[in-house]
Amino acid sequence: MLTLASKLKRDDGLKGSRTSATASDSTRRVSVRDRLLVKEVAELEANLPYEGYYQGGKFQFETEVPDAYNMVPPKVKCLTRIWHPNITETGDICLSLLREHSIDGTGWAPTRTLKDVVWGLNSLFTDLLNFDDPLNIEAAEHHLRDKEDFRNKVEDYIKRYAR
């Protein structure tokens, strides 16, 4: 199983020891986690979204990375109020890769990265926009009832909250 330590060791090659022999396991674990996160964040290109209902909106997300990352997923919350079938107005997100255990087998795995999370969030604004299995049932029903009014409400939310 891939761990943070083995991933960094592979990436660092022959750079030598990263921690002193006297460092505790928890200090080493946080240090390894933090180093991997810095590397992953440096690789991210998170310009959301490019097309669809939410085009032109700027949506902020809060990501909490637990000490046990990459064995457990980060916790992500949308801080921007949004009218979306898979994101509640309070910011809860329905995205299978953010679940530790997922029925469809697409949940979190230690091989996933923050880049996968960003790509998953981007997909919620485009191809993974899911009206059939919504978290925000009211938004999904609104879309099924009147697509044009749904689009107008999304645009109103973007003007009010996502600029």
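Heads up: these notes are all about the structure in this document. (Residues numbered from 1 in each chain as written. Predicted model: local features only at pLDDT ≥ 70, side-chain atom pairs only at ≥ 80, totals over all residues. Heavy atoms only, no water.)

**Notes on the overall build of the chain**
The helix and strand inventory of the chain stands at 5 helices and 2 strands. Order of helices (α) and strands (β) in the chain, N terminus to C terminus: α-α-β-β-α-α-α. Buried residues in the chain amount to 41% of all 163 residues. Across the chain, contacts joining residues at least 24 apart in sequence account for 65% of those joining residues at least 6 apart. Accessible surface for the chain amounts to roughly 9800 Å². Of this, 49% is attributable to carbon and sulfur atoms. (Helix = DSSP H or I, 4+ residues; strand = E, 2+ residues; numbered from the N terminus. Buried < 20%, exposed > 50% of the residue type's maximum accessible area, 1.4 Å probe, protein only. Contact = heavy atoms within 4.5 Å. Areas by Shrake-Rupley, 256 points an atom, 1.4 Å probe, with all protein chains shown as cover.)

**Looking at helix H5 (residues 147–161)**
With 15 residues, H5 ought to run about 21 Å at 1.5 Å a step, and its terminal C-alpha atoms sit 21 Å apart, in line with that. Of all the positions in H5, only Phe-150, Val-154, Tyr-157 and Ile-158 are classed as buried. Burial along H5 is one-sided: seen end-on, the buried residues are contained in an arc of 100°. Across H5 from its buried face, at more than 90 degrees, point the exposed residues Lys-159 and Arg-160. Its buried side turned inward, H5 meets helix H4 (137–145). (Expected span 1.5 Å × (residues − 1). Arc of directions from axis to C-beta.)

**Notes on helix H3 (residues 114–124)**
Most of H3 sits inside the fold, with 9 of its 11 residues counted as buried. Every buried residue belonging to H3 is among Leu-114, Asp-116, Val-117, Val-118, Gly-120, Leu-121, Asn-122, Ser-123 and Leu-124, and all of these are buried. Of the residues flanking the start of H3, the one acting as N-cap is Thr-113, its side-chain oxygen 3.2 Å from the backbone nitrogen of Lys-115. (Polar contact = N/O pair within 3.5 Å; in protein donor to acceptor, adjacent residues only side chain to side chain.)

**Things to note about the pairing of strand E2 (residues 75–78)**
Consecutive side chains along a regular strand alternate between the two faces of the sheet. Only one face of E2 is covered, namely the one carrying Val-76 and Cys-78; the face carrying Lys-75 and Lys-77 has none of its residues buried. Pairing geometry for strand E1 (residues 61–64) and E2, over 4 bridges, is antiparallel. Bridge pairing in E2 links Glu-64 to Lys-75. (Pairing = 2+ DSSP bridges.)

**Thoughts on unusual backbone geometry**
For the bond running from Tyr-69 to Asn-70, omega is 20°, close enough to zero to count as cis. For Asn-70, the position within the fold is in the loop between E1 and E2.

**Thoughts on the nonpolar core**
Considering soluble globular proteins, one finds that nonpolar side chains tend to be buried as a cluster. In this structure, Tyr-54, Phe-59, Phe-61, Ile-93, Leu-121 and Phe-150 are the most contacted members of the largest nonpolar core, which totals 31 residues. Of all the secondary structure elements, the ones that give two or more residues to this core are E2, H3, H4 and H5. (Core = buried A, V, L, I, M, F, W, Y, C linked by side-chain atoms within 4.5 Å.)

**Considerations on the packing of aromatic side chains**
On inspection of all chains with the given rule, the structure shows 10 aromatic pairs. Plain terms: the ring middles of Tyr-69 and Trp-108 are 5.9 Å apart, the flat faces sit at 45° to each other, and that makes the pair tilted. Residue Tyr-69 is found in the loop between E1 and E2, and its partner Trp-108 is found in the loop between E2 and H3; the two are separated by 39 residues along the sequence. For the pair Tyr-69 and Trp-108, one class covers both residues: buried. Linked through ring pairs, Tyr-53, Tyr-54, Phe-59, Phe-61, Phe-125, Phe-131 and Phe-150 together constitute an aromatic cluster. Of note, Lys-153 hangs over the ring of Trp-83, and the distance from its end group to the ring centre comes to 3.7 Å. (Phe/Tyr/Trp six-rings, centres within 6.5 Å; stacked < 30°, edge-to-face > 60°. Lys NZ or Arg CZ within 6 Å of the ring centre and 35° of its normal.)

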